[in-house]
Amino acid sequence: MADTPELMDEDEPFFSNLDILLFSLIAGLLVYWLVFRKKVEPIPEFKKLESVAQTTRETSFIDKMKKTGKNIVVFYGSQTGTAEEFSNRLSKDAHRYGMKGMSADPEEYDMSELSRLPEIENSLAIFCMATYGEGDPTDNSQDFYDWLQEGDADFTGVKYTVFSLGNKTYEHYNAMGKYVDKRLAELGAQRIFDLGMGDDDGNLEEDFVSWREQFWPAVCEHFGVEATGEESSIRQYELKVHSDLNMNKIYTGEVGRLKSFENQKPPFDSKNPFLAPVSVNRKLNKAGDRHLMHLELDITGSKIRYESGDHVAVYPINDSVIVNRIGEVLGVDLDTVISLNNLDEESNKKHPFPCPSTYRTALTHYLDITNPPRTNVLYELAQYATEPKEQENMRKMASSSPEGKALYQSWVLDSCRNILAILEDLPSLRPPIDHLCELLPRLQARYYSIASSSKVHPNSIHICAVVVEYETKTGRVNKGVTTNWLKSKMPTDNGHKATVPMYIRKSQFRLPFKSTNPVIMVGPGTGIAPFMGFVQERGWLKEQGKEVGETVLYYGCRHKNEDFLYQEELEEFEKTGVLTALNVAFSRDQAEKVYVQHLLKKSKEAVWRLVHTDNAHIYICGDARNMARDVQNAFYEIAEELGGLSRAQAVDYIKKLMTKGRYSQDVWS
């Protein structure tokens, strides 16, 4: 509109001075009105256009599928990398059936576009969805989950299937996969194959392989296609060896941005971890054959905030002895600088790990070389075994035959054979190292419950962990990657502080909003970790003059004189009244074993009063497989006996506490 007077000037050039004065006045008023009256209102058009352009350029998986001729998209919700791995395997499978697949992170795409999938002929969406914690979505599928809950999209014509990953020892087994499967159907999508249920407490790999073996024939039948019979290995990445690259352009272990460990910039997260100096590393247990440790990470100046109950994620590095031995067995120079480049140029995933890098860096920082490899790795590597019997056994282990499954279970899983053990025990198997690096899964961050309160320790994060070391059936000694690496991280005084790449993962494991609510904490062994933070915080609240409800701890260890973790601190908390009651079960100090659940039942009247009358919050931390289940059963029995409830009513009573957030678990298996 500001241009209008000029246009009118051109049309009628012979204006009088009065006309010019009037026009100037009108123009002035118009400018005033536009600038001052309208200035608080944003102009939405520009932003809208920008986001539309962005959508088509970056976040449209439909456009990407059309452009690259893909008709199958496999979305993954992954916390530890397994669902992503399964997703890649399914997308690679597609070409064996004359179809083309792509693996996709729902966080990177506009998921509302799912309704457009029928625009692509013979299209299918597969979802590999892991469940995290107490039935939660993984970090990368949180937005998709929220959108599914709120949205009312029309998915008519969309064909889908879901494979879910979970663990039966957890209360909300496969909750995320079940929800996605149910919700897509409610929104009109057509399920073309049954929901797959993977149980990590049993054999997740076997569950996946069995489901997949039945899934693809169902897809063939549905779309009227046949397997092409192509069973050859399909490389996803091609090797490029660099001979004259500037050393400043080579990754040396960074998770995201190149040189991010040299030049640290907040905010810190999973793609940009903070290098926290280790300020304390001490052994917690007084005796015994285990090593339980207490570490303190200094987060001064990092702007990192945490709350009691959160998890600290730590990026470990692999043992150099194993890395060097792999290089030795395969006869390669581990310091060769390489890139593995995706053959699909349209893929968002350009490399399997940060490139360019060296084989040594990849095997040390980026690849999981200590867990038993999955069957697809054995299948792809089998072609390199020159001894027919070895090749046959590798292929058999990757099949879904009962004999093959049993062989994989006994020879790989039960014997805890990692990739090095497999290479050592199959002398004819000598794969190219670049193909091995392509196949091995990414080394993942490990999560630890924080053993401190930020109210008391704002610049420090405490970790309590047991160092894992055991002998396998093959006579080898296997060591836990992260705990052994952390054990070696001693604070030093010679100017080189040991550091740990870390970030915070928020948790739902929280103290009650009202400090007057009583809390009952049950945590044997290193399950004590979050409760050290809780007790510190309750003590701090008392110091602030706040009224604090009863604080009761049930703790268990093997021997009082060996592994009573934080004994002095806990006894001091009890003495000062911060801990109302400290109940400790020493399981092996007497002939009959005593565990935390026995102590709960021993003080059942006090427990029932706190829960039923005083609105207590219950917290369980530690082993999911046995302890958490046994403790839950103890609460059922107390509710039955003192509440006069039937077993079914008692179960319902505890389930209601869970729904209300009054019965929380931070457990692992």
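Just so you know, these numbers come straight off a predicted model, no measurement behind them. (Residues numbered from 1 in each chain as written. Predicted model: local features only at pLDDT ≥ 70, side-chain atom pairs only at ≥ 80, totals over all residues. Heavy atoms only, no water.)

**Q** Before we move on, can you summarise the overall build of the chain with the specific residues and values?
**A** Along the chain, the regular secondary structure elements total 23 helices and 23 strands. In terms of its C-alpha atoms, the chain occupies a principal-axis envelope of roughly 110 × 75 × 65 Å. The proportion of buried residues among the 669 residues of the chain is 50%. Counting only contacts in the chain whose residues sit at least 6 apart along the sequence, the fraction spanning at least 24 positions is 75%. Accessible surface, the chain: about 32100 Å² in total, of which carbon and sulfur atoms supply 51%. (Helix = DSSP H or I, 4+ residues; strand = E, 2+ residues; numbered from the N terminus. Buried < 20%, exposed > 50% of the residue type's maximum accessible area, 1.4 Å probe, protein only. Contact = heavy atoms within 4.5 Å. Areas by Shrake-Rupley, 256 points an atom, 1.4 Å probe, with all protein chains shown as cover.)

**Q** I'd like to hear about unusual backbone geometry, residue by residue, with values.
**A** Omega for the peptide link from Pro266 to Pro267 comes to 0°, which places this bond in the cis form. When you line up the elements, Pro267 lands in the loop between β8 (237-242) and β9 (274-283). Cys355 connects to Pro356 through a cis peptide bond whose omega is 0°. As for its position among the elements, Pro356 is in the loop between β12 (337-342) and β13 (357-358). Notably, Lys259 is not glycine yet its phi reads approximately 65°, a positive angle. As for its position among the elements, Lys259 is in the loop between β8 and β9.

**Q** Go over the packing of helix α9 (residues 320-330) against helix α10 (residues 359-366) with me, naming the residues and quoting the values.
**A** In the contact formed by α9 and α10, the axes pass within 10 Å of each other and the chain directions differ by 140°. Between α9 and α10, the angle falls in the class oblique. For the pair α9 and α10, the sense of crossing is right-handed. Residue-level contacts link Val323, Asn324 and Ile326 of α9 to Arg360, Leu363 and Thr364 of α10. Here the contact of α9 with α10 is built from residues that sort into 3 nonpolar, 2 polar and 1 charged. (Axes fitted to C-alpha atoms, helices over the stretch in contact; angles between N-to-C directions. Parallel < 35°, antiparallel > 145°, perpendicular 65-115°, else oblique. Left-handed = near helix turned anticlockwise from the far one by under 90°. Nonpolar A, V, L, I, M, F, W, Y, C, P; charged D, E, K, R; others polar.)

**Q** Please give an account of the side chain of Lys64 that cites residues and values.
**A** Inspection of the secondary structure assignment puts Lys64 in helix α4 (residues 61-68). Buried within the structure, Lys64 lacks any salt-bridge partner; Glu346 is the closest side chain of opposite charge, at an N-O distance of 5.6 Å. Polar side-chain contacts of Lys64 include one of 2.7 Å to the backbone oxygen of Glu346. (Lys, Arg positive; Asp, Glu negative; His and termini not counted. Salt bridge = Lys/Arg side-chain N within 4 Å of Asp/Glu carboxyl O. Polar contact = N/O pair within 3.5 Å; in protein donor to acceptor, adjacent residues only side chain to side chain.)

**Q** Give a detailed account of the sheet that holds strand β20 (residues 551-557), specifying residues and quantitative values.
**A** Read across the open sheet, the 5 strands follow the order β21-β20-β19-β22-β23; overall the sheet is parallel. Pairing within the sheet leaves two strands with one partner each, and these edge strands are β21 (581-586) and β23 (663-668). Shown here is a sheet whose adjacent strand axes are inclined to one another by a mean of 10°, direction ignored. Relative to β21, β20 runs parallel, the two sharing 6 bridges. Residue Leu553 lies in a different strand from β21, and its bridge partner there is Leu582. Along the sheet, helix α22 (residues 624-643) makes contact with β19 (519-522), β22 (617-623) and β23, crossing β22 at roughly 155°. (Pairing = 2+ DSSP bridges.)

**Q** A description of the domain arrangement of the chain should follow, citing residues and the corresponding values.
**A** Here the domain parsing of the chain yields domain 1 (61-223), domain 2 (264-316 + 445-507), domain 3 (318-444) and domain 4 (519-667). Distance from the C-alpha centre of domain 1 to the C-alpha centre of domain 3: 26 Å. Listed as interface residues are 24 residues of domain 1 and, on the opposing side, 20 residues of domain 3. Here domain 1 packs against domain 3, burying approximately 1600 Å² in sum over the two surfaces, 39% of which is carbon and sulfur. The largest contributions to the domain 1 side of the interface with domain 3 come from Lys64, Glu85 and Glu205, which together make up 26% of the buried area. If you look at where domain 1 meets domain 3, you find 6 salt bridges. (Domains from an automatic or database assignment. Buried area = accessible area lost by both parts, 1.4 Å probe.)

**Q** Break down the state of the cysteines for me, with residues and values.
**A** Here is the idea: a disulfide is a covalent bond, and it sits between the sulfur atoms of two cysteines. A complete count under the given rule lists 0 disulfides for this structure. Cys464 supplies the cysteine sulfur nearest to Cys557, a cysteine that is in no disulfide, at a spacing of 12 Å. (Disulfide = S-S within 2.5 Å.)

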